[in-house]
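Observations on the model geometry
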Amino acid sequence: MKHFALFTGCIFLALIAGATASSALLSEPKLGLGKTASVDETIYTDSDLHSLIMNNLELLTTQKLTESNEQMINRYGEPVLSQKILLNYLFLIDTDSELFNSETFTANKKPVKVEACTENNLESCIVGRLYDRERQDSVVSEFENTHGKNAHIANHIYSSMPSVSDLYNQYSFSVEYDTFGNAVIVENRSGRKFPVNKNLSKCINDVTGGSIKFDLANGVITTNERSIVFTNETRADLKTFAEDMCFMISMPKFIIKDTTPALFTFILQGLRNVEKNLDVLDKSVLHQVVELGYNQFQKVLGAKLGEQHVTGQIVLTNSAKNIEAHAQKKLSEGFPRQIRVLTETTQAAGDDAPATLTAQQVVFRIYGIVFFLVLAVILGALASIQVEKDTLVYSKFLTVDQRK
């Protein structure tokens, strides 16, 4: 009986210790792109960009660097020994680059050109170098080696391309809509929802502050000088562009500060599709929207988290179609990924609370079940105790009888 009591005591201690476990959804972000105003005409590779991010997140250890790797790190890398970077954001913007190379834009944003994914080598895509856990040299693999197996939770990716979201399901976010048409950001790994609390038209118009007006229902963008009208065939592209911009300005509100460094990649491929049939002046309007959205992104992060711990890169690329081909190829090969599981909930009007259990809730529910099972075993053991003459229970009854 003594051994049984010790055994059950150990189980209770284990339950109490385990109940303190919890998990964080997002990690902290930071800000600051502004070292050089000159236009860098070098076209870097996915390997160069990978080395730059590894440097900024203090994951660059024994990797052998090429001359091109070192050039990009020296020009855009952060002095991590004197300044800890807690978030490196990466904007992969699929676009023609001539307008983004204007002096006013590059003065603060330092965009770089990267061949992020080549058609003849889909295995060497930048998204794979960042998020492929089967690659030992990927950012998420190095994160796990450095910060523990759950460190990949701190790394995230947004893409409006379904194949990319599906392939990197455990890291990706998407934009969906509630029953009232309001935009909702969804963490695909858990199904957890972050309500934007506004419809897509209001969200994109908040990006521009009224200087550029979007009428998504009729496919029209209006400025003081001009109107851009989209056909029925191109309105879907306009909606994708608006979703990209809405996500850009809304996501920083939900990023939580954490001591673990993090990477957040935004693949903005909607711009190329929506600008492909526009003239230069119309394109410049869309590029201005991107700049306004990016300025809001920086402003929110700066006010919330401070500029000193955040860095980021704006990458101009023409590789979105190859990134999509990379994702489709990996999916067709049965690339392992975490399948999204949603729970059914009934939400009241206007209620956009998370629709799935958090990891912490799951942990406590499991421990609750185990607790009741152990309690049942203990009660069963107590009920089966034989009241013999040499037991304390028998002594108690004997004492009572003598008093009578």
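Residues numbered from 1 in each chain as written. Predicted model: local features only at pLDDT ≥ 70, side-chain atom pairs only at ≥ 80, totals over all residues. Heavy atoms only, no water.

**Some remarks on the overall build of the chain**
Our working rule: The numbering of helices and of strands both runs from the N terminus, where a helix is a DSSP run of H or I of at least 4 residues and a strand a run of E of at least 2. Should any heavy atoms of two residues lie within 4.5 Å, those residues are considered in contact.
Counting secondary structure elements, the chain contains 14 helices and 12 strands. Sequence-distant contacts in the chain: of pairs separated by 6 or more residues, those separated by 24 or more amount to 74%.

**Notes on the pairing of strand β4 (residues 155–159)**
Basically, it comes down to this: In this scheme, a residue with accessible area under 20% of its type's maximum is buried, one over 50% is exposed, and one in between is partly exposed, where area comes from a 1.4 Å probe on protein chains only. Strands were regarded as paired on the criterion that DSSP finds at least two bridges between them.
In terms of burial, β4 is a largely internal element, 5 of the 5 residues being buried. Residues N155, I157 and S159 point to one face of β4 and H156 and Y158 to the other, with burial holding for every one of them. Judged from the 5 bridges that link them, β4 and strand β11 (residues 262–268) form a sheet pairing that is parallel. Among the inter-strand pairings, S159 is bridged to a residue of β11, identified as I267. Pairing analysis gives 2 bridges linking β4 to strand β5 (residues 172–177), with the strands arranged parallel. In the strand pairing of β5, Y158 is matched with F173.

**Side note on the state of the cysteines**
Cut-off, in case you're wondering: Cysteine sulfur atoms are paired as a disulfide whenever they fall within 2.5 Å.
Taken as a whole, this structure holds 2 disulfides when the rule is applied. Through a disulfide, C117 is tied to C125; the S-S separation comes to 1.7 Å. Because the torsion about its S-S bond is -60°, the bridge between C117 and C125 counts as left-handed. For the pair formed by C117 and C125, the shared burial category is buried. The partner cysteine of C203 in its disulfide is C246, sulfur to sulfur 2.1 Å. Looking along the S-S bond of the C203-C246 disulfide, the torsion reads about 95°, which is the right-handed sense. Pair noted here: C203 is in helix α8 (residues 200–208) and C246 is in helix α9 (residues 235–250), with a separation of 43 residues, a long-range link. Its relative accessible area of 2% is what places C246 among the buried residues.

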